[in-house]
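# Structure at a glance
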Amino acid sequence: MKKLIVYLLLASSVIACKDVVNEVPDTPFSTTPYTFSFNKTVLPPVRIPKDNPLTQEGVQLGRMLFYDPILSADSTQSCASCHNQTDAFTDNGRQFSTGIRGITGTRNAMSIVNMMWHLDGFFWDGRSDALKHLALIPIEDPTEMDETIGNVVAKLNRSPMYQEAFKKAFGTGAIGDEIIGKALEQFMLTMVSGNSKFDRVVMLKTEEFTVQERTGQTIFNQEATPINEELDPKNPKNFGGDCFHCHGNSLFMSRNYMSNGLPNVTDLGRGATNGNPRDNYKFKTPTLRNIEKTAPYMHDGRFNTLEEVVQHYLSDMTNATANLGDEPNMHALRDSVYLSEEHKAALVAFLKTLTDDDFLTNEAYSNPF
Amino acid sequence: MKNLLYLLLGLLLIAVSSCDDDDIPVIPDPTEQTTGNLTITMNHVYGSSDMHYNQTVNLPSTEQVEFKRLYYLLSDFYLRNEAGTKVVLPKQYALIEDHNDKVSFTLTDIPFGTYSAIGFSIGLDSVTNHGNPNQYETSHPLSPINNSLHWNWEGGYIFTAIEGKVIPSNETFVFHLAGVQHKLDYELKVQLTCSTTPQYATITYDVKEVFQNPEIYTIAEDGTSSHSTTSPVVIKLINNMGNIMTGITVKK
């Protein structure tokens, strides 16, 4: 009877705080809250979905799922196959990822980093509203893992290891798609990058830029107008790069979907998702954090180097597929930016200060198997 | 044993009811309330017409343009009571994105009373303008990821962004106004009583006035962009913007 009383009391606390999980747990369970350790000066306040508070057990389960090829139809590919940590969770320098059937996709794999602060959707076209939903899409994509969620659920339910891990994280061994998505969401939310040289120089003031990096920072943050004379008295033709409008703030991204003047774009991007022709050829503005490690660049991976990217933004963009009259900031850039070779190199040097070695090597994000 | 079961049932009931904060909104006892709310909607017009985006509009200079975006930040709200004293509403901000139909916000913690005017600013004070933007949740009006108006660590926030293109040349204009010295203060006379009943007001912002009064702005002559805080372009626009708030109505 005493045991029954204890179980009833434990059960009551679980029922009472039902926000912890949606599913009714099989057995009493307790979890340990996950806490973040990044410097609050460097990044915005933590932002976690109310329906999926982070627990150490949930994060660990998500990490297992992320690295487990059990999610693919032939058990050869995991999430990590196309999102490799040392490449800031992009696909090993590949332009497009190849799925288990040998089919190649049409967009470059995006970096998984600082996901909790994204607003207005995920993926290049914003077609997913939440990480827990995003996490399941590649599983069923025929060009990626080409598995069904039903099969994944069945496989995981047959696994004693996952039965146990789901019980620890969500209090139930009845594994379903909702908690698979939530576990992956929890792990991806922990993937925070906030310890680059930029952070240590600009935010924490514990290091200093080189002269070249500082010049690059000025170019990055100045609008497309002549650079002040102190910076370059010999060459009044030099201009600011105007990068910060779209890659601003400490996250170096924006909530906006933008056209960036690329020629020969056939992918409608955001416009294909929401059906608004004004959003044709617009794509999510990606973060520049760890940009040195995420080549190739653009939604279609057309540029192999940062130098090529900079050169694109210095081009006249007269062959842009999108109407840049609808993107006033890009149009202004097209009209007026000029950078000397020295300033191009400085801009690239500044971009490389966004590399965060802690993020690229943090064991907490690595393969747990 | 029966008593023990009753005790357990009681504990269960307490536990269930104790964590229901999210499900049952707490309705304050009106007799204990001392402050109320005012929801404001910014109604953007262009002269005698509604404000439109992606449609051809004639500027006062007779140039034709299409507006694409209008963003701005509001702060320093206060109400003036009948004695003429300012009742300040500190640390309340609003991000307006008219082109995205984000035009309403709610001021809270307004002491009960009768007021004769409302005041506010476009822009921010110096401390707020240069504070670390990482202090704000991403949904906060001053979060750079939310408003796309932060000038990184160089110059604080862009207070107003007006962007579009000239017809038929397709040349774009980008007016980004910033700098604490260009914070614009407004006070609008209005009879308003704050009580337990939430109040609603509509403020009219005439975008046409940005380009006239006292001086007509001509894109071909004055330029397509404003980039420094001291350029004649900026001064002209800022001077014109003193007249943009053309009215306020309170929902009865």
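Residue numbers run consecutively from 1 along every chain, following the written order of its sequence. Think of it this way: whatever chain is written first is A, whatever ligand is written first is 1, and the rest follow in order. Totals for whole chains, interfaces and linings use all residues, but because this is a predicted model, local features are given only for residues with pLDDT of at least 70 and pairs of side-chain atoms are given and counted only at 80 or more.

Only runs of H or I of at least four residues qualify as helices and only runs of E of at least two qualify as strands under DSSP, and these elements are numbered from the N terminus. Summing up its helical and strand segments, chain B has six helices and 14 strands in all. Here a residue counts as buried when 20 or more other C-beta atoms sit within 10 Å of its C-beta, as exposed when there are 12 or fewer, and as partly exposed otherwise, the C-beta atoms being derived from the backbone. Across the 252 residues of chain B, 33% fall into the buried class. C-beta atoms are placed from the backbone for every residue, and two residues are taken to be in contact when these atoms lie within 7 Å. Restricting to contacts in chain B with at least 6 residues of sequence separation, those with at least 24 account for 74%.

Across its full length, chain A holds 15 helices and two strands. Residue pairs at least 24 apart in sequence account for 67% of intrachain contacts in chain A once pairs closer than 6 positions are excluded.

Our next topic: the domain arrangement of chain A. All names here are of chain A. In terms of domains, chain A is made up of domain 1 (21-193) and domain 2 (197-359). Note that the domain bounds were set by an automatic or database domain assignment. Computed from C-alpha coordinates alone, the two centres of domain 1 and domain 2 are separated by 29 Å. Under the convention adopted here, Pro, Cys and the residues Ala, Val, Leu, Ile, Met, Phe, Trp and Tyr are nonpolar, Asp, Glu, Lys and Arg are charged, and Gly plus all remaining residues are polar. Of the residues belonging to the side of domain 1 that touches domain 2, the class tally is nine nonpolar, eleven polar and five charged.

Bringing the packing of helix α2 (residues 56-66) of chain A against helix α7 (residues 160-170) of chain A into the picture now. Residues and elements named next belong to chain A. All axes here are fitted lines through C-alpha atoms, helices being fitted over the stretch that makes contact, and every angle between N-to-C directions spans 0 to 180 degrees. Axis separation between α2 and α7 bottoms out at 8 Å; the angle between their running directions is 145°. Handedness of the crossing formed by α2 with α7: left-handed. Where α2 approaches α7, its residues E57, G58, L61 and M64 are matched on the opposing element by A165, F166, K168 and A169. A clockwise turn of the near helix away from the far one marks a right-handed crossing, whereas an anticlockwise turn of less than a right angle marks a left-handed crossing.

Right, let's talk about the environment of D177(A) for a bit. Residues and elements named next belong to chain A. Mapped onto the fold, D177 is located in helix α8 (residues 177-189). For the pair formed by D177 and V153, sequence separation is 24 residues and the distance between their alpha carbons is 6.6 Å. The residues touching D177, leaving out its near neighbours within four places in the chain, are L136, I149 and V153.

What follows is about the packing of helix α12 (residues 306-314) of chain A against helix α14 (residues 341-352) of chain A. All names here are of chain A. Their axes nearest at 10 Å, the elements α12 and α14 cross at an angle of 125°. Considering the angle they form, α12 stands oblique to α14. Here α12 and α14 pass one another in a crossing that is right-handed. Across the interface between the two elements, L306, E307 and V310 of α12 pack against K344, L347, V348 and L351 of α14. Here the contact of α12 with α14 is built from residues that sort into five nonpolar, no polar and two charged. Our angle categories are set so that under 35 degrees counts as roughly parallel, over 145 as roughly antiparallel, 65 to 115 as roughly perpendicular, and the remainder as oblique.

Glancing now at the confidence of the model for chain B. Residues and elements named next belong to chain B. Overall, the predicted model of chain B reaches an average pLDDT of 88, with 86% of residues at or above 70. Ignoring residues within four places in sequence, the model shows residues 9-22, a span with pLDDT below 50, making 13 contacts including any to other chains. Our summary of model confidence lists the complex with pTM equal to 0.87 and ipTM equal to 0.83. Residue-level confidence of the predictor, termed pLDDT, takes values from 0 up to 100.

With that settled, consider the confidence of the model for chain A. Per-residue confidence for chain A gives a mean pLDDT of 89; residues scoring 70 or more make up 87%. Note that pLDDT drops below 50 for residues 1-22 of chain A; the model gives that stretch 26 contacts with residues more than four away or on any other chain.

Right, let's talk about the pairing of strand β12 (residues 199-206) of chain B for a bit. Across eight bridges, strand β1 (residues 35-46) of chain B lies against β12(B) in parallel orientation. Within the sheet, the bridge partner assigned to T39(B) lies in β12(B) and is Y200(B). Pairing between strands requires that DSSP locate at least two bridges from one strand to the other.

An α-helical turn contains 3.6 residues, so a residue and the one three or four places further along point in the same direction. Residues and elements named next belong to chain A. Most of α2 sits out of view: nine of its eleven residues are buried. All of the buried residues along α2 are E57, G58, V59, L61, G62, R63, M64, L65 and F66. Contacts from the buried residues of α2 go to α3 (79-82), α7 and α8.

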